[in-house]
Structure formats: C-alpha cells, structure tokens
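Chains, contacts and geometry: an overview
If you want the building blocks of each chain, they are given just below.
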Amino acid sequence: MRIRPRVPVLVLAFLVAALAVRPAWGQPAGLGTVAGRATGDDDGAPVAFALVRLLPEGAGAPKRTVLTDGRGAFRFEGVAPGAYRLQLERIGYTDETTEVFAVAAGETVERGFRSAPRAVTIEAITTTAGACYTAAELERDPELAALWREAVKGMETRAAFDARYRYTFDLRQTAVMEPTRRHRRAVHDTLTRTFVNDPLAAPVDRGRRGFGTIDRREVTLDIPDGKELLTPGFLTQHCLETASGEVEGAWELRFRPVRPRGGRVNLRGAVLVDAESFQLRALRLEYLSGRRRFMEATVHYQEARVSGGTVRLPAVALFSGRPPYPLSRTLRSVTGEALYTNYGNVERVDAP
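Conventions and cut-offs
Each residue is numbered by its place in its chain's sequence as written, counting from 1. Local features are withheld for residues below a pLDDT of 70 in this predicted model, meaning they are given only at 70 or higher, and side-chain atom pairs are given and counted only at 80 or more; totals for whole chains, interfaces and linings count all residues. Each side-chain value is derived from all of the structure's non-hydrogen atoms; neither hydrogens nor water enter the calculation. Where helices and strands are cited, they refer to DSSP runs of H or I of at least four residues and of E of at least two residues respectively, numbered from the N terminus. Throughout this description, buried means an accessible area under 20% of the type-specific maximum (1.4 Å probe, protein chains only), exposed means over 50%, and partly exposed covers the range between. It only takes one pair of heavy atoms within 4.5 Å for two residues to be counted as in contact. For this analysis, a salt bridge means a side-chain nitrogen from Lys or Arg found within 4 Å of a carboxyl oxygen belonging to Asp or Glu. For a helix, the expected span equals 1.5 Å multiplied by the residue count minus one. Two axes define the bend at a residue: one fitted to the seven residues ending there, one fitted to the seven starting there, and the bend is the angle between them. Pairing of N or O atoms within 3.5 Å defines a polar contact, subject to two protein rules: one partner must be a possible hydrogen donor and the other a possible acceptor, and residues neighboring in sequence count only if both atoms are side-chain atoms. Residues enter a nonpolar core if they are buried and are Ala, Val, Leu, Ile, Met, Phe, Trp, Tyr or Cys, with the set joined through side-chain atoms within 4.5 Å. Disulfide: a pair of cysteine sulfur atoms within 2.5 Å of each other. Each Phe, Tyr or Trp ring, with Trp reduced to its six-membered ring, pairs with another whose centre is within 6.5 Å; inter-plane angles below 30 degrees give stacked pairs, above 60 give edge-to-face pairs, and intermediate values give tilted ones. Only strands joined by at least two bridges in the DSSP assignment are considered to pair.

This part takes up the overall build of the chain. What the chain contains, in helices and strands, is four helices and 23 strands. For the chain, the proportion of its 352 residues judged to be buried stands at 47%. Of the contacts made within the chain by residues no fewer than 6 positions apart, 62% connect residues no fewer than 24 positions apart.

Once that is clear, we can look at the pattern of salt bridges. In total, this model carries 20 salt bridges according to the counting rule given. With a closest N to O distance of 3.6 Å, Arg-332 and Glu-178 form a salt bridge. Of this pair, Arg-332 sits in strand 23 (residues 331-348) while Glu-178 sits in strand 12 (residues 165-179), placing them 154 residues apart in sequence. For Glu-178, a relative accessible area of 27% corresponds to the partly exposed category. Of the charged contacts, one joins Arg-284 and Glu-252 as a salt bridge, the two residues approaching to 3.2 Å between their closest N and O atoms. One end of the pair, Arg-284, is in strand 20 (residues 280-289); the other, Glu-252, is in strand 18 (residues 250-257), with 32 residues separating them in the sequence. A relative accessible area of 15% means that Glu-252 is categorised as buried.

Glancing now at helix 1 (residues 142-162). Along an α-helix, a turn takes 3.6 residues, which lines up residues three or four apart on a common side. For helix 1, built from 21 residues, the straight-helix expectation of 30 Å at 1.5 Å per residue is met to within 8% by its first-to-last C-alpha distance of 30 Å. A maximum bend of about 35° is found in helix 1 at Met-155. Judged by how many residues are buried, helix 1 sits mostly within the fold: 15 of 21 residues are covered. Its side-chain oxygen 3.1 Å from the backbone nitrogen of Leu-144, Asp-141 forms the N-cap of helix 1.

Core analysis: the largest hydrophobic core is formed by 56 residues, its most contacted members being Leu-253, Val-271, Leu-285 and Tyr-287. For this core, the element with the most residues is helix 1, which contributes nine residues.

This structure, assessed with the given rule, holds one disulfide. Disulfide pairing is shown between Cys-132 and Cys-239; the S-S distance is 1.9 Å. Taking the sign of the S-S torsion, about 95° here, the bridge from Cys-132 to Cys-239 comes out right-handed. One end of the pair, Cys-132, is in strand 11 (residues 132-133); the other, Cys-239, is in strand 16 (residues 238-241), and 107 residues separate them in sequence. A residue is classified by how much of its surface remains accessible, and Cys-132, at 15% relative accessible area, is buried.

All right, on to the environment of Thr-192 then. Tracing the sequence through the fold places Thr-192 in strand 13 (residues 187-197). Given a relative accessible area of 45%, Thr-192 falls into the partly exposed group. Placed 146 residues apart in sequence, Thr-192 and Ala-338 show a C-alpha to C-alpha distance of 9.3 Å. With residues near it in sequence (within four places) discarded, Thr-192 still touches Asp-170, Leu-171 and Arg-172.

Below, the discussion takes up the packing of aromatic side chains. Summed over the entire model, instances satisfying the criterion amount to four aromatic pairs. Geometrically, the ring pair formed by Phe-169 and Phe-195 is stacked, given 5.8 Å between the ring centres and 20° between the ring planes. In this pair, Phe-169 sits in strand 12 while Phe-195 sits in strand 13, placing the two residues 26 residues apart along the sequence. Of the two residues, Phe-169 and Phe-195, both sit in the buried class. Judged by centre distance (5.1 Å) and plane angle (85°), the ring pair of Phe-234 and Phe-255 falls under edge-to-face. One end of the pair, Phe-234, is in helix 4 (residues 234-237); the other, Phe-255, is in strand 18, with 21 residues separating them in the sequence. Residue Phe-234 is classed as buried on the basis of its relative accessible area of 8%. Taken together, the ring pairs in this structure connect Phe-74, Phe-76 and Phe-113 into an aromatic cluster.

Here the focus is the pairing of strand 5 (residues 73-79). Moving residue by residue along a regular strand, the side chains alternate between the two faces of the sheet. Judged by how many residues are buried, strand 5 sits mostly within the fold: five of seven residues are covered. With five bridges connecting them, strand 2 (residues 32-40) and strand 5 associate as antiparallel partners. Bridge pairing in strand 5 places Gly-32 opposite Val-79.

What follows deals with unusual backbone geometry. A cis amide bond links Tyr-325 with the next residue in sequence, Pro-326, at an omega value of 10°. The topology assignment puts Pro-326 in the loop between strand 22 (309-321) and strand 23.

Further remarks concern the pairing of strand 2. For strand 2, the buried fraction is high: eight of the nine residues fall into the buried class. In terms of strand pairing, strand 2 meets strand 9 (residues 108-110) through three bridges, oriented parallel. The partner of Thr-33 across the bridge, within strand 9, is Thr-108. As defined by bridge partners, strand 2 adjoins strand 10 (residues 113-115) across three bridges and the pair is classed as parallel. Bridge pairing in strand 10 places Thr-39 opposite Arg-114.

The quantities given are spatial measurements derived from coordinates; they are silent on function.
Here it is in structure tokens:
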C-alpha cells in the first residue's frame, strides 16, 4: 500500500492460491514412479489437497513433496531407484507413514493411505502477563506450542501449492483519503492491478526490510499473507504472546516484534485460527513506526472450492489509519478495501 499526498496510490501485496493443474510429465529413462491415493478411513472419501512427502531411506535422493488432487490422487515422477517411505499430512486427519518400499528403474510403485478424521484438541491456555515466546522459546508453553503447530500445519497446503505453481490474479482496490484541511474534498481512488505469484522469486528479507518504508514523499506498506506469518522463521523476528483463548469460535494468536527497529515499519497483530478446523480465519495487523501504531489492516479468509477439494484464500482486506509524519500534515485519514479476482495463467514450475 502506497500513500502519497494529493495523488494517492494504494498497493496491497498478497500471495494467494489458485486453480490446481495436473501437468503431463514424461518419464526419464532409468527412473521410476510412485503413485497412489489418500482416502478417509471411515468412509473412503478422497483426502483432497493433503501433503504427501517422498522420504528416501538413504543419502543421495532428495525429499520431495506433492499435493493430492480432488480425487485424493498423488504421483511422483522421475524417482531414482532406492528405498523410500511415504508420509501423509492433512489438517483434520491423522498423519500416516508407509513401510519402507523399493523403487526400481522403469517401475511404477502403487502405495495408498487410509487416514482417519482427527479432532484436534487444545488444553485451556493460562494467560501469563508479559510472556512472549520466539521459536526457540515456544516449548516453554506446551499448549501454545501445540496450537501454533496445528495452525502452521493448516497453512502448509497453501504454501506447498504456491511453491509449485506460477499464476496471476487481479487486485481491485478502493480507498478514501481525507485531507487535513476542511475545505478540501476527500480523494476517492480505485485501482486494479495484476500480480504474479512466482515460486522462483527470492523471498523478501523482513529482517532487513521490515513491512514497508517511510519517507518524506510516501509511505509504502506490505500486507503479508498468512503463509508468511505461519512459519517458524516468522518467530525469529517476532514473538508469540500467550493466546487469549477461544473467542467466537476462533483461537487468537497474538504476536509482536521482538525488538522494534526505528527507521522501518514494524508489524504486530493477531492470527485468528478456527477452533474446530484450525484453518486460518483472519489476520489483524497493526503497522508501527518504531513502537507507534499508525495504520491497521484486517484480512478475512474463506474456504474456496478448487478441483474437488478446498483451500483457504484471502477474500477481502480492509485497512484504515493515518499516515505518520510528515504525511500526516496533509492526510488526516485513509480507509479502503481490496478484493481478489481472476486467478489464472497457472503454470507448473519445477525448482532448479
């Protein structure tokens, strides 16, 4: 989001999932294939969009990860001969691991999973005033650590998809800028831009950049997606406060920067996780100049049907606040929203 006096332009940067694609692959000579399906143990229904990991028993072969499709099917092409296990993870289901099996050159090995639905329960969390834990300290609060792990697991499917597919989406933004002088009219701005999710792009170094920049002419703010927050790396620069408990069917995981740095935009807020499914429900974000809050944003998520399964996607982002000095001399307030449309141009990208 960019804020400029007189000619405001708002840019909100989110990374969201898109439509699943099953590309065709040729089988290299001398390599094998591992394929199968994941189904529910109780009713045989497909376990869609689960993470399946191919784990080599010995050194030399890399670990690989794919997602099941809407039928629960998965496939690994180009598997080097050797011994492997398969591991299944999906929020709301039990984790499953196969016995060791061998893959020979030119062979297709079929292995399946039957996973039982699993209700995740978290013990009551006792609030500790002033407590805030980084990744290295989180196990000091076992209940909070368990809640964080389940929330991270709920985001893994999205993160894995975004790491394998390049796609585009449109972001339609509307904003109202209220000037400080009463005789001036509010500025209404509408902008639609196309963004690209590129798995090969270098990740943003938040340790150096923070979540935006402030100078005399404009303020630029980045609004992260849940997959950027729900990672162990996020808790190296931020710490997790003791959760406030279950509120309106959701757990609230509050975070703040470990050491707010001057000269850059810091971020604090809360991750709201559904109490039953442990899927991301919303993000509440506060932007700080040093330790002072000047802007807020709330990102609401929804369940979207994709090729027989569901994924959690941002639906709308709402933002409001007043820019910090010196822009605060010109702009009294900024409010607006962003909507996401037209996901497309999906292309499978293999890591180098």
